[in-house]
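# Observations on chain architecture
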Amino acid sequence: MHEGGNDDGHRAGSGVDRPAFLALERELTVLLRRARASQGEMAREVHPDLESSAYGLLVRLDECGKQRATELAAYIGVGKATMSRQLRALEELGLVAREPDPADGRAWLVALTQEGQDRVRRVREARRARYAGRLADWETHEVTELARLLHQLNRGMEK
């Protein structure tokens, strides 16, 4: 490998019609299509009435704890109105609750309820078990490298 990080010595951004980018586009398209379908399945496993798009909110709250709705909206990439609608639906399902932000009496924090925590964690554990089963013939270092590269891709997409 050359200094640029790929086999032909060119920087990655030097040509979007190169075979590497065509292959990347094809594989990401397949991955994203499968991820959307999987997210819908996981959302229904958490609660039959849960919208697919709300699953990511629940995962974020599970990982990060209480957050303001504005922080969640920024992270997910939706507007305030969409976030308010999704949070209202999650509250009605008993999966999240709002409480006043002690740092700012005008703001609210959103947190998973105990029911929400239990349901989200159960689904996430089952998902990890499915990944482990499907990647059982992979070496641990390959799974680690895939996670590292996906993290790098996600960071690059934030820019």
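### Here we look at the overall build of the protein chain
Counting its regular elements, the protein chain contains 6 helices and 3 strands. Mapped in sequence order, the helices and strands of the protein chain form the string α-α-β-α-α-β-β-α-α. Across the 159 residues that make up the protein chain, the buried fraction comes to 24%. Total accessible area computed for the protein chain in this model is approximately 11200 Å², and 53% of it derives from carbon and sulfur atoms.

### Some points on the pairing of strand β2 (residues 96–101)
Sheet topology places β2 next to strand β3 (residues 104–112); 6 bridges connect them, and they run antiparallel. Bridge pairing links Asp 101 to Asp 104 in β3. A loop of 2 residues connects β2 with β3, the two strands running antiparallel in sequence.

### Concerning the sheet that holds β2
On the basis of which strands lie adjacent, the open sheet formed by 3 strands has the order β1-β3-β2 and antiparallel pairing. The sheet is open, and its two borders are formed by β1 (67–68) and β2, each paired with just one other strand. Relative to β3, helix α2 (residues 55–64) is tilted by about 100 degrees, and along the sheet it contacts β1, β2 and β3. Strand contacts of helix α4 (residues 80–92): β2 and β3, with the helix running at about 115 degrees to β2, the strand carrying the most contacts.

### As for the pairing of β3
Looking at chain direction, β1 and β3 are connected through 2 bridges and run antiparallel. Paired with Arg 68 across the two strands is Leu 109, which belongs to β3.

### Remarks on the environment of Asp 118
Structurally, Asp 118 can be placed in helix α5 (residues 114–134). Given a relative accessible area of 36%, Asp 118 falls into the partly exposed group. Between the C-alpha atoms of Asp 118 and Val 46, which are 72 residues apart in sequence, the distance is 9.1 Å.

### What about the pattern of salt bridges?
Counted according to the given criterion, the structure contains 13 salt bridges. Ionic pairing is found between Arg 106 and Asp 104, a salt bridge with its closest N-O pair at 3.1 Å. Here Glu 145 ties to Arg 148 by a salt bridge, and the two come within 2.7 Å at their closest N and O atoms. Pair noted here: Glu 145 and Arg 148 are both in helix α6 (residues 140–158), with a separation of 3 residues, about one helical turn. A relative accessible area of 43% places Arg 148 in the partly exposed class.

### Notes on the environment of Glu 99
Among the structural elements, Glu 99 can be located in strand β2. The spatial distance from the C-alpha of Glu 99 to the C-alpha of Val 110 is 6.6 Å, given a sequence separation of 11 residues. In this structure Glu 99 touches Lys 66, Ala 107, Trp 108 and Leu 109, once residues within four positions along its chain are discounted. There is a polar contact of 2.8 Å between the side chain of Glu 99 and the side chain of Lys 66.

About the criteria used
Residues numbered from 1 in each chain as written. Predicted model: local features only at pLDDT ≥ 70, side-chain atom pairs only at ≥ 80, totals over all residues. Heavy atoms only, no water. Helix = DSSP H or I, 4+ residues; strand = E, 2+ residues; numbered from the N terminus. Buried < 20%, exposed > 50% of the residue type's maximum accessible area, 1.4 Å probe, protein only. Areas by Shrake-Rupley, 256 points an atom, 1.4 Å probe, with all protein chains shown as cover. Pairing = 2+ DSSP bridges. Contact = heavy atoms within 4.5 Å. Axes fitted to C-alpha atoms, helices over the stretch in contact; angles between N-to-C directions. Salt bridge = Lys/Arg side-chain N within 4 Å of Asp/Glu carboxyl O. Polar contact = N/O pair within 3.5 Å; in protein donor to acceptor, adjacent residues only side chain to side chain.

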